[in-house]
Each structure stands twice: as C-alpha cells, then as structure tokens.
Amino acid sequence: MTGPWLRPVLTELPQYTPAPGLYSGAAPIPLSANESLHEPLAGIGRAIAAAAGAVNRYPDPGCVRLTEAIARARGVDTGTVMVGAGSVALLQALFHAIAEPGAQVIHGWPSFELYPSLAALAGVTGVRVALRDGAFDLPAIAARITARTRMVLLCSPNNPTGGVISADALRAFLAQVPSRCLVVLDEAYHEYVRDPAACDGVRLLSQHPQLVVLRTFSKAYGLAGLRVGYLLGAPGVVSLLRKALTVYAVSTVAQAAAVAALGLQDQLLDRVAQTVGERERTRDGLLAAGYPVPGSQANFLWLPLKDRAADFGQWCRHRSIAVRVFPGEGVRVTVGSPSDNDALLSAAAHWRQAVE
Ligand SMILES: *Cc1c(COP(=O)(O)O)cnc(C)c1O
C-alpha cells in the first residue's frame, strides 16, 4: 500500500523529542529546556484568568496592546515590532520570507537545534560554521557569505554553549555584510547577560535596516507555556514580514499575559538576577568537581563531554534529573532552583568518581 506523496524532507528530518519522562508522569527535575523555574507572578495569573473569559472571540490579530507595551518597554516605535507565537514562529516566518530556489542560510554550530530543521522544511540550504570559544565566529561567517546567502542567523548568548557576540564584533560584521542579506540576531537569553562587552541588537537597529532582533517571553519572562515572542526590525521590513505570519496565532491569553509581564518587569528581572547568581555558583561547583565548564551568559551551562555526553545524560536520568544531551558534543543543563542545582552538582560529582 502506498500512502500520499509527502516531501522527502519529512522522512529525513529529526523528530524534536523532549527529555525522557518530562511529560509522562515521571516528573524529573526539569533542567533540559531552559525554562524559568518560577511560577507566574500573581498579577500575571490574574491577567490570564481575566483573558480566559473572552476566548469565545478571536484574538486581536494585530496584537495592538502588546505591540504598544513592547515598543514602550524597549524604547522603539510600534512599527518596528512584530509579535509571534514564540520566536520559533517568527523564525519560521523569516524562512518563508527568504525561501526562493537556491537560497542559503548561514548559522553557527552547535546552536539552536531548530535552525537546521526550519531551513530544511523551507527548502533553504543551511551552511554551518564552527563556533569559536563557545560563541559565533563572525569573521568566519562573513567569509562564507555568497550571492546565494539570503540570511545569517546569529544566536547570542548561544544555545547551547552560552557564549556571546561582542558589540564590537557585531558592528564590524554588519559593516561587512552585503545590505541585501538579512541578519537575524536571536537574543532569547538577553536578560541573563552580565558581560558589559556583549552585543545588544536593539541599539544597532536604527543604523542597520538589514538587522532584525528576536526576543521571547519564554525564558526570563516565564511564559514558555503560552508561546509569545517578538521581532524588532526596520518598519519597511517588518510590515512585509508580518504577511508571512499565521494570522490569529498569538492567543488572547498569551497577549494579555505578556502585557502583564511587561508591567511586572522589575520583579521578573529580580528573579533573573537570582538565576544569574545560581548560574555562577553552579558553574563554580562543576569546575571544583573537575568539569571544564565555559562561562555562560544565559540560564544554562554547557558541559563539553564529547563522546561521554550520552553516558552523563543517562546517569542524570537515573537520578531523576532531565538534562539536554547533544550526542558526541556535550550536555546542556538549565540553571534551576538552589536545591535543583545541588542535586545536579551531587550527580555530577558522583559521575566523575564512577567514571574515573
Ligand atoms: C528558547 C529559545 C527560543 C525561544 O523560543 P520560543 O519559541 O520563543 O519559546 C528562541 N531561540 C533560542 C536560541 C532559544 O534557545
């Protein structure tokens, strides 16, 4: 029996699989998905409850109130803001916007695992450029740009390694890239950055119409379960990109919660500061246990364990800790609560003893 014709890319694409046990009742300590460990603030819960009473109606397709709140919070005009159902939906719209036969996208590697999948689905050829010291190597990326390059994807801090692109390196890169090539800077973890030399894409937007910046409510703002993110870019680019988004994708509840979260930004950023403190404490503990952990500017740490990554992941799984394994490369662990991090440190110390 033959089924319907479907694009061969669907057979080849890896299935995105969450860490084992997360959604099947085993309830491991969740250190695999870089979520906020905190439950929503009471004010956000109230906004969600109030919005739930209006779900018989379609959401505002223009996300007007949220767009205004984002523009105010980031100090930009509303015409530069585009809201999407998570930054992944915005990335998908960007791929739709550049996918012509022969189009190429360049990104660093290892990086966000969805970049290659989104490229393949869009029929865009992905070009991977090795990282340098855990961050994107912009001179090496610039050297790979050709007439077919339609988009460069930059991730800072980089998931999964935690390194950042410096403001100087980004400025030099933008001066070099042909203006017809879109440069996308994914700053999903921007709020966790403490390195004063790190780039801040929003500051460069006004001088660089080819640049778009992605931010999300999924990490520091603690709304991963509601799916809302945003893109900032030149108004002429944004007004075209909006047409590549699925209409009504951002729910009424998500829009209301994100508006409330921006109103409670100071409290949320206090929580981020706690996580940054735990990041440094956990890294110190791992270094003391003999792990070569690079500095991270995000809410996770990277253990470059190479061919022992899968074994370490299995070890954590047996101790009911969910981590993200990149087979052959390393393990990414999200910074959790102090007791979650202590559990990880204990598992990590015991693993060293067991394998040595
Ligand atoms: C978590 C993450 C996102 C956020 O995706 P959402 O769709 O907004 O939840 C985007 N980019 C990177 C690199 C991430 O790690």
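Before going into details, it helps to say that this report is about the structure given with it. Every chain is numbered independently, its residues counted from 1 as its sequence is written. Given that the model is predicted, a residue must reach a pLDDT of at least 70 before its local features are reported, and side-chain atom pairs must reach 80 or more before they are shown or counted; all residues, however, enter totals for whole chains, interfaces and linings. Just so you know, side-chain values use all the structure's heavy atoms and leave hydrogens and water out.

## Examining the sheet that holds strand β9 (residues 300-303)
Piece 1. DSSP bridges decide pairing: two strands pair if at least two such bridges lie between them. Put simply, DSSP marks the helices as runs of H or I at least four residues long and the strands as runs of E at least two long, and each gets a number from the N terminus on. Pairing in this open sheet of 3 strands is antiparallel, and the strands run β9-β12-β11 from one edge to the other. Among the strands making up the open sheet, the edge pair consists of β9 and β11 (324-326). Sheet twist, expressed as the average angle between the axes of neighbouring strands with direction ignored, equals 20°.
Piece 2. Examined bridge by bridge, β11 and strand β12 (residues 330-334) share 3 bridges and lie antiparallel to one another. From the neighbouring strand, V325 faces β12, where its bridge partner is V331.
Piece 3. The contact criterion used is simple: two residues touch if any of their non-hydrogen atoms lie within 4.5 Å. To get an axis, a line is fitted to the C-alpha atoms, and for a helix only the part in contact is used. The angle between two axes follows their N-to-C directions and goes from 0 to 180 degrees. Taken strand by strand, helix α12 (residues 309-318) contacts β9, β11 and β12, and its axis lies near 165° from that of β11.

## Concerning the sheet that holds strand β6 (residues 182-186)
Piece 1. Spatial ordering of the open sheet is given by β2-β8-β7-β6-β5-β3-β4, a layout of 7 strands whose pairing is mixed. Looking at which strands have only one partner, the edges of the open sheet turn out to be β2 (81-84) and β4 (125-130). In this sheet, neighbouring strand axes are inclined to one another by 25° on average, regardless of whether the strands run parallel or antiparallel.
Piece 2. Pairing analysis gives 4 bridges linking β2 to strand β8 (residues 229-232), with the strands arranged antiparallel. Residue V81 lies in a different strand from β8, and its bridge partner there is L232.
Piece 3. Packed onto the sheet, helix α4 (residues 87-98) meets β2, β3 (104-109), β5 (149-155), β6, β7 (211-216) and β8 and runs at close to 155° relative to β7.
Piece 4. Lying on the sheet, helix α5 (residues 114-122) is in contact with β3, β4, β5 and β6; it crosses β3 at an angle near 165°.

## Things to note about the nonpolar core
Across soluble globular proteins, nonpolar side chains have a tendency to be buried as a group.
Piece 1. Of all hydrophobic cores here, the largest spans 84 residues; its most connected members are L66, L94, L154, F173 and F217.
Piece 2. Every residue in contact with F217, bar those within four places of it in the chain, is listed here: L66, I70, G222, L223, A224, V228, G229, Y230, A258 and L262.
Piece 3. Joining through side-chain atoms within 4.5 Å is the link that ties buried Ala, Val, Leu, Ile, Met, Phe, Trp, Tyr and Cys residues into a set, and such a set is a nonpolar core. Buried, partly exposed and exposed residues are distinguished by accessible area as a fraction of the type maximum, computed with a 1.4 Å probe on protein chains only: under 20%, between the cut-offs, and over 50%, respectively. Residues L31, L286, V331 and A347 belong to the second largest nonpolar core, which totals 19 residues.

## A short note on the side chain of E278
Piece 1. When you line up the elements, E278 lands in helix α11 (residues 265-288).
Piece 2. Looking at E278, the relative accessible area reads 12%, which means it is buried.
Piece 3. Contacts of E278, omitting those with residues within four sequence positions, involve V335, G336, S337, P338 and N341.

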